Amino acid sequence: MNDEFFMRRALELARRGVGRVNPNPPVGAVVVKNGEILGEGWHERYGGPHAERIAIEKARGKDLRGATLYVTLEPCDHYGKTPPCTDLIIESGITRVVVAMEDPNPLSGNGIKKLRDHGIAVEVGVLREEAAKLCEIFITYVKYRRPFVALKFASTIDGKISDFRGNSKWITDHYRLKSHELRNKYMAIMVGANTVMTDDPLLTCRLEGGRSPRRVILDGRGKLAGGGWRVFSDDVDVYVFTASDAVYPDNVKVFRGEWDVDGVLAKLYEEGIDSVLVEGGASVLSQFLNVADVVHVFFSTRVLGKGLSAFENVEYSLDNAPRFRVERIEHVENEVYMELRPCSRE
């Protein structure tokens, strides 16, 4: 068993925190001595103890001198909702720390340097790519100061997201669970007013133990004035962007003005939202196409012919059309799921 073996275990633990720690990153940690795991943990909830602290606490009562700590992200060296993890590591007697990747957040302090200054051997970069993929939402949020943007839609093989009557339920059947996994993963979900009026969706996560995302509604003309729609019906935070003077229910936070894509993302960042799943219809999907960090597409082998296309409102030639690479592909019977990543936009 080598460093990669134990780091893979730390990454496995970190994934358990996905959807529960935003806007913090999911982190896992494992304490090992003489090839034996003495303690392990992950960041379980926002504001809760960090993974390193949980792993070390679970190893209490054991001699940690000469032990190695494996952690998926550089230990923090600042006081936030919890004390610095570096201080606990130094006090524990651990003599070696293996870190998958450096912390991109400048507010987290220089944990690696502090550990080395106290005589602890630190190695960085074990399974770095896997750790960065796991933390891509956090990296985008702190590095680019905007939410990570994910587009999601279901389409027939001829690119239609609804039939000629406007019906969109249900284009796919087998991947509904994965749709709710995405809602659990991302901190907010976005649709336009037309989707609310057509489908009256709840926009909740229906996984057992899942977290429902905050709801972001683009309602430029105030079509949803007065409420009555199910998206306004419970205690989940709701944000409406509108250029109208429309009145919404008391539980809705309203941002008034003329909003473009960059302005919406900047405001969501100010609200502490680190990621948004764009589930809207053609209008909203078209608006956010060029800022998408990932696209989740669920294809059915149905053919509709006439109907609404996912990106009905954009127009490109073959020379300048946006391109995406296939990151992952799955299929069940007559349905296909694809995870797409944008090619270079330069």
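Our structure's up above, just so we're on the same page.
Residues numbered from 1 in each chain as written. Predicted model: local features only at pLDDT ≥ 70, side-chain atom pairs only at ≥ 80, totals over all residues. Heavy atoms only, no water.

**Q** In this structure, what is going on with the nonpolar core? I would like to understand it.
**A** Soluble globular proteins tend to pack their nonpolar side chains together in the buried interior. Core analysis: the largest hydrophobic core is formed by 45 residues, its most contacted members being Met7, Val31, Leu64, Ile89, Ile94 and Val97. By residue number, the principal contributor to this core is helix H1 (residues 3-14), which donates six residues. Ranked by size, the runner-up nonpolar core spans 31 residues in total, among them Ala188, Tyr239, Leu285 and Val297. (Core = buried A, V, L, I, M, F, W, Y, C linked by side-chain atoms within 4.5 Å. Buried < 20%, exposed > 50% of the residue type's maximum accessible area, 1.4 Å probe, protein only. Helix = DSSP H or I, 4+ residues; strand = E, 2+ residues; numbered from the N terminus.)

**Q** Quick question: what am I supposed to make of helix H7 (residues 176-185) here?
**A** Helical geometry: 3.6 residues make up each α-helical turn, so side chains three or four residues apart lie on a common side. Turning to H7, its buried residues are Lys178, Ser179, His180, Leu182, Arg183 and Asn184. Taken together, the buried residues of H7 touch strand E6 (148-156), strand E8 (188-192), strand E12 (275-278), strand E13 (294-300), strand E15 (324-332) and strand E16 (335-342). (Contact = heavy atoms within 4.5 Å.)

**Q** What is the right way to read the pattern of salt bridges from this model?
**A** Pairs may arise between side chains of opposite charge once their charged atoms sit close together. Applying the stated criterion across every chain yields a total of 27 salt bridges. We note a salt bridge from Asp77 to Lys114, for which the minimum N-O separation is 3.0 Å. Of this pair, Asp77 sits in the loop between strand E3 (68-71) and helix H3 (85-92) while Lys114 is found in helix H4 (residues 111-117), placing the two residues 37 residues apart along the sequence. The residue Arg183 makes a salt bridge to Glu279 at a minimum N-O spacing of 3.0 Å. Of the two residues, Arg183 sits in helix H7 while Glu279 sits in the loop between E12 and helix H10 (282-288), which places them 96 residues apart along the sequence. Each member of the pair, Arg183 together with Glu279, is buried. Several salt bridges share partner residues, and in doing so they unite Lys133, Glu136, Lys178, Arg325, Glu327, Arg328, Glu330, Glu339 and Arg341 into one network. (Salt bridge = Lys/Arg side-chain N within 4 Å of Asp/Glu carboxyl O.)

**Q** What is the right way to look at the packing of aromatic side chains in this model?
**A** Scanning the entire structure with this criterion turns up eleven aromatic pairs. Ring geometry for Phe148 versus Tyr186: centroids 6.2 Å apart, planes at 10°, classification stacked. A residue pair is termed long-range when its members are at least 10 positions apart, and Phe148 in strand E6 and Tyr186 in the loop between H7 and E8 qualify at 38 residues. Both residues of the pair, Phe148 and Tyr186, count as buried. Through pairs of rings, three or more aromatic residues link up here, namely Tyr239, Phe241, Phe255 and Trp259. Here the guanidinium or amino end of Arg16 rests over the ring plane of Trp42, the centre of that ring lying 4.8 Å away. (Phe/Tyr/Trp six-rings, centres within 6.5 Å; stacked < 30°, edge-to-face > 60°. Lys NZ or Arg CZ within 6 Å of the ring centre and 35° of its normal.)

**Q** Is there a simple way to explain the sheet that holds strand E4 (residues 96-99) in this structure?
**A** Sheet strands pair by backbone hydrogen bonding; their relative direction is either parallel or antiparallel. Spatial strand order, E2-E1-E3-E4-E5: five strands in an open sheet with mixed pairing. Edge positions in the sheet fall to strand E2 (36-42) and strand E5 (121-124), since each has one partner strand and no second. Averaged over neighbouring strand pairs, the angle between their axes works out to 15° when direction is ignored. (Pairing = 2+ DSSP bridges. Axes fitted to C-alpha atoms, helices over the stretch in contact; angles between N-to-C directions.)

**Q** In this structure, what is going on with the pairing of E6? I would like to understand it.
**A** Look at any regular strand and the pattern is simple: side chains alternate between the two faces of the sheet. Most of E6 is tucked away: eight of the nine residues are buried. Bridge count for E6 against E12 is four bridges, and the pairing is parallel. Across the sheet, residue Ala150 finds its bridge partner in E12, namely Leu277. Two elements, E6 and E13, share seven bridges in a ladder whose sense is parallel. What sits directly across from Ala150, in E13, is Val294.

**Q** Honestly, the state of the cysteines in this entry has me stumped. Any pointers?
**A** By definition, a disulfide is the covalent link that joins the sulfur atoms of two cysteine residues. Within this structure, the stated rule accounts for zero disulfides. Of the cysteine sulfurs around Cys85, a residue in no disulfide, the closest is that of Cys76, at 3.8 Å. (Disulfide = S-S within 2.5 Å.)

**Q** In this structure, what is going on with unusual backbone geometry? I would like to understand it.
**A** Both trends apply: most residues other than glycine have a negative phi, and most peptide bonds are in trans. For the bond from Asn22 to Pro23, the omega torsion is 5°, close enough to zero to count as cis. Looking at where Pro23 falls in the secondary structure, it is placed in the loop between H1 and strand E1 (28-33). Backbone geometry places Asp200, a non-glycine residue, at a positive phi of 45°. Relative to the helices and strands, Asp200 is located in the loop between helix H8 (193-199) and strand E9 (214-218). The phi dihedral of Glu333 is positive, around 50°, even though this residue is not glycine. Take Glu333: it is sitting in the loop between E15 and E16.

**Q** Can you help me understand the sheet that holds E12 in this one?
**A** Read across the sheet, nine strands follow the order E11-E10-E9-E8-E12-E6-E13-E16-E15 without closing on themselves; strand pairing throughout is mixed. Each end of this open sheet is capped by a strand with a single partner; those strands are strand E11 (252-256) and E15. Direction aside, the axes of adjacent strands within the sheet are offset by 20° on average. Note that E15 and E16 share eight bridges and pair antiparallel. Across the sheet, the residue bridging to Arg325 is Arg341, located in E16. Strands in contact with helix H9 (residues 261-270) are E6, E8, E9, strand E10 (238-242), E11 and E12; relative to E10, the strand with the most contacts, it is inclined by about 150°.

**Q** I would appreciate a short explanation of the environment of Ala243 in the present structure.
**A** Within the element layout of this structure, Ala243 appears in the loop between E10 and E11. Separated by 144 residues in the primary sequence, Ala243 and Val99 place their C-alpha atoms 47 Å from one another. Beyond its immediate sequence surroundings of up to four residues, Ala243 is in contact with Asp219, Gly220, Gly257 and Glu258.

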